[in-house]
Each structure stands twice: as structure tokens, then as C-alpha cells.
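The lines below spell out each chain.
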Amino acid sequence: MRRILLLAHRVPVSGAFTLNDLAGGAGRMDEVARVVSTAFTLSNDLRRDTELTILFEAEPPPAARRIRLSGANLRHLNPDERSTAALLKNALVRSIPLERDVEASPGLIVGPVDPVEALLEFAREPGAFWLTERGVPLRSLVGTGDGFSAILSDPTDPPPEELHRLESTGIPRVSLGPISLRSSQCVDVLHHEFDLRAASRAAARPRDPAAELVG
Ligand SMILES: C[S@@+](CC[C@H](N)C(=O)[O-])C[C@H]1O[C@@H](n2cnc3c(N)ncnc32)[C@H](O)[C@@H]1O
């Protein structure tokens with residue numbers, strides 16, 4: 001399984017923003033929507049083996065919200081950023097009066113969250129790592145199989161207390177290179193690296209002659 005946690009620091013948690021100003025008043029919802037798109041969409045399919053959690057932290061608990069998207073069940077995800085932002089906004093709006101999780105659309109669960117708890121919970125995933133420009137190279141990370149559990153930030157870097165929290169988990173910092181990328185580009189690079197690893201593992205597997213007998 002490929003698991004991604006995105007820390008969204010500025011998107012208004014109430015969903016009170018216009019789709020006409022995603023990069024401004026919507027607190028960089030444009031980039032959050034692009035992360036959703038790069039996490040799941042392929043040329044003519046969706047990545048069913050991917051789960052994305054977004055922590056909307058612009059306001060502290062009880063206002064903070066978590067959206068969890070599961071590729072196995074996801075529907076209504078179009079490749080364009082505006083309709084993806086609308087999907088997320090509708091989920092946030094629907095969640096305002098609720099004190100529990102709800103499936104706002106197929107494969108998309110939204111609910112109130114303690115972002116500190118949620119971050120620590122994700123960091124306990126086996127092999128979890130934190131993406132930052134200053135870390136060990138991704139290529140040096142071995143033994144993770146075809147999956148990963150990666151934490152990354154939206155265009156606003158984690159504030160000091162969150163950085164401290166991440167450090168306290170002891171999970172490795174992993175770098176995708178010396179150049180600071182957009183969050184959505186990081187997701188593309190991650191998928192690409194693990195796609196290559198999966199392909200080379202499949203190529204190295206001994207062939208099963210029985211499986212090649214087509215009746
Ligand atoms: C747009 S960057 C954050 C802003 C950036 N630090 C800056 O100075 O403008 C968004 C996030 O993507 C991840 N990221 C960006 N470039 C990276 C890289 N080269 N290696 C690993 N993670 C990266 C980090 O999690 C980062 O917080």
C-alpha cells in the first residue's frame with residue numbers, strides 16, 4: 001500500500017472559500033487539489049493501491065478536519081484541479097456540524113480530528129518517513145517493498161512546533177533531491193520511484209511456466 005499524509009496549513013477548514021481563488025483566499029487549495037490528482041490519477045485509470053490523508057490544520061481542534069481518500073473506493077475524481085477542489089470543499093462544508101466521520105462521497109471520509117494525534121498515528125506506520133529537502137536520499141531507502149508511508153507539507157513549511165513533533169517521532173527525513181519541489185511534484189517523484197522498484201522486482205521474479213500455458 002502507498003500511503004501519503006499531507007499537512008495542509010492554510011486552507012480554511014470550514015470550506016468557506018471560493019473556487020475562483022484557490023491559490024489565494026482558499027489557502028493554496030490549488031496545490032492540495034493537485035496532490036490529490038497526482039496521488040491517484042493515471043493516464044486512463046486510478047491508483048487503487050494508494051491512500052491519501054489530508055490534515056486541514058488552519059484552525060486547531062475541534063475545528064481541524066481530516067479527509068481520507070482511498071483509491072480502492074474513490075469515485076467522482078476528475079483530472080482537473082477545480083473539480084477536485086470542489087470535491088474537498090463540499091466534504092469540509094458537510095463536516096462542519098458533525099462530530100464524527102462521514103463518507104462525503106465514495107472513497108472520501110471526512111471528520112473532526114486532533115491533528116497532533118493523527119500525525120503521530122501516521123508516523124507509527126511501519127517504515128514511515130518525512131519528506132524534506134534536507135534528508136537522506138530516497139534512493140538510499142531500501143527494504144520498503146512496493147509501498148511507502150510518506151509525510152509531506154503543503155506550500156507552507158511546518159511551523160516550529162510541528163517540526164519539533166516530527167523530529168520527536170524519530171522517523172527518517174527523506175530527500176527527493178536538493179531542489180525544493182512543489183508538493184504535488186513530490187508525489188509524482190515518489191510514485192515514479194516505487195513504480196520502477198515494483199517493475200524491476202517483477203522482472204527479477206523467476207518465470208512460472210505453468211502460468212504461461214494458455215488453454
Ligand atoms: C513547496 S515545498 C515547501 C516550501 C519550500 N520548503 C520552500 O522553501 O519554498 C512543500 C513540501 O514538499 C516537500 N518537498 C519539497 N521539495 C522536496 C525535496 N527536494 N525533497 C523532499 N521533500 C521535498 C516538503 O515536505 C515540503 O515541505
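See the structure shown above.
Quick caveat: nothing in here was measured; it's all calculated off a predicted structure.

**Quick look at the sheet that holds strand β8 (residues 173–175)**
1) Next: Strand order across the open sheet formed by 8 strands is β4-β5-β3-β2-β1-β7-β6-β8, with mixed pairing between neighbours. Two strands lie at the open edges of the sheet, namely β4 (102–105) and β8, each paired on one side alone. Here the average twist between neighbouring strands, direction ignored, is 35 degrees.
2) Next: As paired strands, strand β3 (residues 65–70) and strand β5 (residues 108–112) are joined by 5 bridges and run antiparallel to one another. Across the sheet, I67 pairs through a bridge with V110, a residue of β5.
3) Next: The strands touched by helix α4 (residues 160–169) within the sheet are β1 (2–8), β6 (129–137), β7 (148–153) and β8, with β6 carrying the most contacts at an inclination of about 85 degrees.
4) Next: Its contacts with the sheet place helix α5 (residues 183–204) against β1, β2 (50–56), β6 and β7, and it is angled at close to 165 degrees to β7.

**Structural notes on the environment of R197**
1) Next: Tracing the sequence through the fold places R197 in helix α5.
2) Next: With 51 residues separating them in the primary sequence, R197 and D146 have C-alpha atoms 6.8 Å apart.

Conventions adopted
All chains use their own residue numbering, which begins from 1 and follows the written sequence. Reporting of local features is limited, given that this is a predicted model, to residues whose pLDDT is at least 70; pairs of side-chain atoms are given and counted only at 80 or more, and all residues count toward the totals for whole chains, interfaces and linings. Hydrogens are left out, water is left out, and the side-chain values use all remaining heavy atoms of the structure. Following DSSP output, two strands are said to pair if at least two bridges run between them. Helix and strand labels come from DSSP, where a helix needs a run of H or I of at least four residues and a strand needs a run of E of at least two; each type is numbered from the N terminus. To obtain each axis, a line is fitted to C-alpha atoms, and for helices this fit is confined to the stretch in contact; angles are then taken between N-to-C directions over 0 to 180 degrees. Contact between two residues is taken to exist if any of their heavy atoms lie within 4.5 Å; hydrogens are not considered.

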